[in-house]
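So the chains spell out like this:
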Amino acid sequence: MNDTSGRRDFLKLGMAGLATAGALTAVSAEKAAAQAASDSVLRTALDRGKLIVGTGSTNAPWHFENDAGELVGMDITMGRILAKGLFDDPTKVEFVMQDPAQRIPNVTTNKVDITIQFMTMTAQRSQLIHFSRPYYVEGVALLTLPGSENKTFDKLLANGSATRISILQNVDAENSVHFALPQAQVMQIDTQANVLQALESKRVDAAAVDLSTVRWLASRNPDKYFDAGKSWYSMLYGAAIRQGDLDWLTYVNQTFTIAMFGHETALYDAAFKEYFGQEPPPRHPGFPVI
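Residues numbered from 1 in each chain as written. Predicted model: local features only at pLDDT ≥ 70, side-chain atom pairs only at ≥ 80, totals over all residues. Heavy atoms only, no water.

> Could you clarify how one ought to interpret the sheet that holds strand E4 (residues 71-72) in this entry?
Across the sheet, 3 strands lie side by side as E2-E3-E4; this open sheet has antiparallel pairing. The open sheet terminates on both sides in strands that have one partner only, identified here as strand E2 (58-59) and E4. One ladder, built from 2 bridges, connects E2 with strand E3 (residues 63-65); its direction is antiparallel. Opposite Asn-59, over in E3, you have His-63 as the bridge partner. (Pairing = 2+ DSSP bridges. Helix = DSSP H or I, 4+ residues; strand = E, 2+ residues; numbered from the N terminus.)

The structure is reproduced here in structure tokens:
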């Protein structure tokens, strides 16, 4: 056999393998449900014909109503990614509005199939629910004014004790700011809105807020806000799932992984750009950096 005919036969085998793979992916939702445990949310959701997601509606860029009154945001997109995986239709999802205090109880009592509500993963919470794989790495970042002489992190750091930072009042506020700016003056403020107002009124040089908030505001209002270019204190956001349901947990993890790193990244990529003003990093075939 010469090299040309050998390669031709190899390609034929490869195409046959792809055809077989395509046939396997055509397994119906009913058959998929039958393979899940009888009490798994995977089976329940497929039988029901829609996914039920617990989330919020007042925190951009995670979950909020746009100008048309539609519920949008990164959390909402993650719910639609799951619905597309389950039903090949991202609209087959019902979003249940819940208070942050209900994020765990509504999962454990089966009021929702899953909570996707910018929930920080912690060891303590993991004693009560399963977390999905992380779908975002949050952090603390610095928001400044685009016209300020001290708009960059390097300038803020160089100004030492003359630098003033606003931050939401909490027990770790001082330590959090001083981790990045050891000499800065820290102004603890009662609400996030007032943290930003202190910056806008120039009572402070920068506001220490969530990285996602910095990217959302700076990308949407470049004439009003500037990303100082520093973030720290990583926190993982994951979806909450009832403990013990390994079929559902495995399905969610695999679907998120495919949407973030595999061959079906369109929904995740569009949302990442829309809500954070950035292109996701390129995924290169080869070593699995996931």
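> Would you take a moment to explain the pairing of strand E9 (residues 164-168) for this structure?
Each regular strand shows side chains that alternate between the opposite faces of the sheet. Strand direction decides the pairing type here: E9 and strand E10 (residues 185-189), joined by 5 bridges, are parallel. Bridged to Leu-168 within E10 is Ile-189. Considered for its hand, the β-α-β crossover made up of E9, helix H7 (residues 173-180) and E10 is right-handed. In terms of strand pairing, E9 meets strand E11 (residues 206-210) through 3 bridges, oriented parallel. Within the sheet, the bridge partner assigned to Ile-167 lies in E11 and is Ala-208. (Right-handed = clockwise from strand over helix to strand, strands pointing away.)

> Explain H7 here, please?
Residues spaced three or four apart along an α-helix face the same direction, because each turn holds 3.6 residues. Every buried residue of H7 is listed here: Ala-173, Ser-176, Val-177 and Ala-180. Down the axis of H7, the buried side of the element spans an arc of 90 degrees, and every buried residue falls inside it. Those residues of H7 that are exposed and angled more than 90 degrees off the buried face are Asn-175 and Phe-179. Where H7 is buried, its residues contact strand E8 (136-144), helix H6 (153-158), E9, E10, E11 and strand E12 (226-237). (Buried < 20%, exposed > 50% of the residue type's maximum accessible area, 1.4 Å probe, protein only. Arc of directions from axis to C-beta. Contact = heavy atoms within 4.5 Å.)

> Mind showing me how you'd approach the side chain of Glu-138 here?
Relative to the elements of secondary structure, Glu-138 occurs in strand E8. For Glu-138, which is buried and forms no salt bridge, the nearest opposite charge comes from Arg-215, at a distance of 7.5 Å. Only 3.1 Å separates the side chain of Glu-138 from the backbone nitrogen of Leu-211, close enough to count as a polar contact. A distance of 2.6 Å separates a polar atom in the side chain of Glu-138 from a polar atom in the side chain of Ser-212. For Glu-138, the residues in contact, after removing those within four places along its chain, are Trp-62, Asp-210, Leu-211, Ser-212, Tyr-233, Ser-234, Met-235 and Tyr-237. (Lys, Arg positive; Asp, Glu negative; His and termini not counted. Salt bridge = Lys/Arg side-chain N within 4 Å of Asp/Glu carboxyl O. Polar contact = N/O pair within 3.5 Å; in protein donor to acceptor, adjacent residues only side chain to side chain.)

> I tried to follow the packing of helix H4 (residues 74-87) against helix H10 (residues 246-261) on my own but got confused; where do I start?
Between two packed helices, both the angle of their axes relative to each other and the distance between the axes serve to describe the pair. It is at 10 Å that the axes of H4 and H10 come closest, and there the two elements cross at 105 degrees. Between H4 and H10, the crossing angle belongs to the class labelled roughly perpendicular. In contact with Met-78, Ile-81, Leu-82, Gly-85 and Leu-86 of H4, H10 contributes Trp-248, Tyr-251, Val-252, Thr-255, Phe-256 and Ala-259. Per-class residue counts for the contact of H4 with H10 are 9 nonpolar, 2 polar and no charged. (Axes fitted to C-alpha atoms, helices over the stretch in contact; angles between N-to-C directions. Parallel < 35°, antiparallel > 145°, perpendicular 65-115°, else oblique. Nonpolar A, V, L, I, M, F, W, Y, C, P; charged D, E, K, R; others polar.)

> Before we go on, may I ask you to explain the sheet that holds E10 in this structure?
Two orientations exist for strands paired in a sheet by backbone hydrogen bonds: parallel and antiparallel. The sheet built from 5 strands is open, its strands ordered E10-E9-E11-E8-E12 with mixed pairing. The sheet terminates laterally at E10 and E12, the two strands that pair on one side only. Taking the axes of each pair of neighbouring strands and ignoring which way they run, one obtains an average angle of 25 degrees across the sheet. Two strands pair when backbone bridges link them, and E8 and E12 are joined in this way by 7 bridges, in the antiparallel orientation.

> Just checking my understanding: could you explain the nonpolar core for this structure?
When a protein is soluble and globular, its nonpolar side chains tend to lie buried together. Counting 57 residues, the largest nonpolar core has Leu-86, Ile-114, Ile-116, Tyr-135, Trp-248 and Phe-256 as its most contacted members. If one sorts the elements of this core by residue count, H4 sits on top with 8 residues. Residues within four places of Ile-114 in sequence aside, it is in contact with Ile-52, Val-53, Gly-54, Leu-82, Val-107, Ala-239, Ala-240, Ile-241, Trp-248 and Val-252. (Core = buried A, V, L, I, M, F, W, Y, C linked by side-chain atoms within 4.5 Å.)

> Explanation requested: the pattern of salt bridges in the structure shown.
Pairs can form between side chains of opposite charge once their charged atoms are near each other. One pass over the structure, following the stated rule, counts 9 salt bridges. Of the charged contacts in the structure, one is a salt bridge between Glu-200 and Lys-224, with a shortest N-O distance of 3.8 Å. Of the two residues, Glu-200 sits in helix H8 (residues 192-200) while Lys-224 sits in the loop between helix H9 (211-220) and E12, which places them 24 residues apart along the sequence. By relative accessible area, Glu-200 is classed as partly exposed at 34%.

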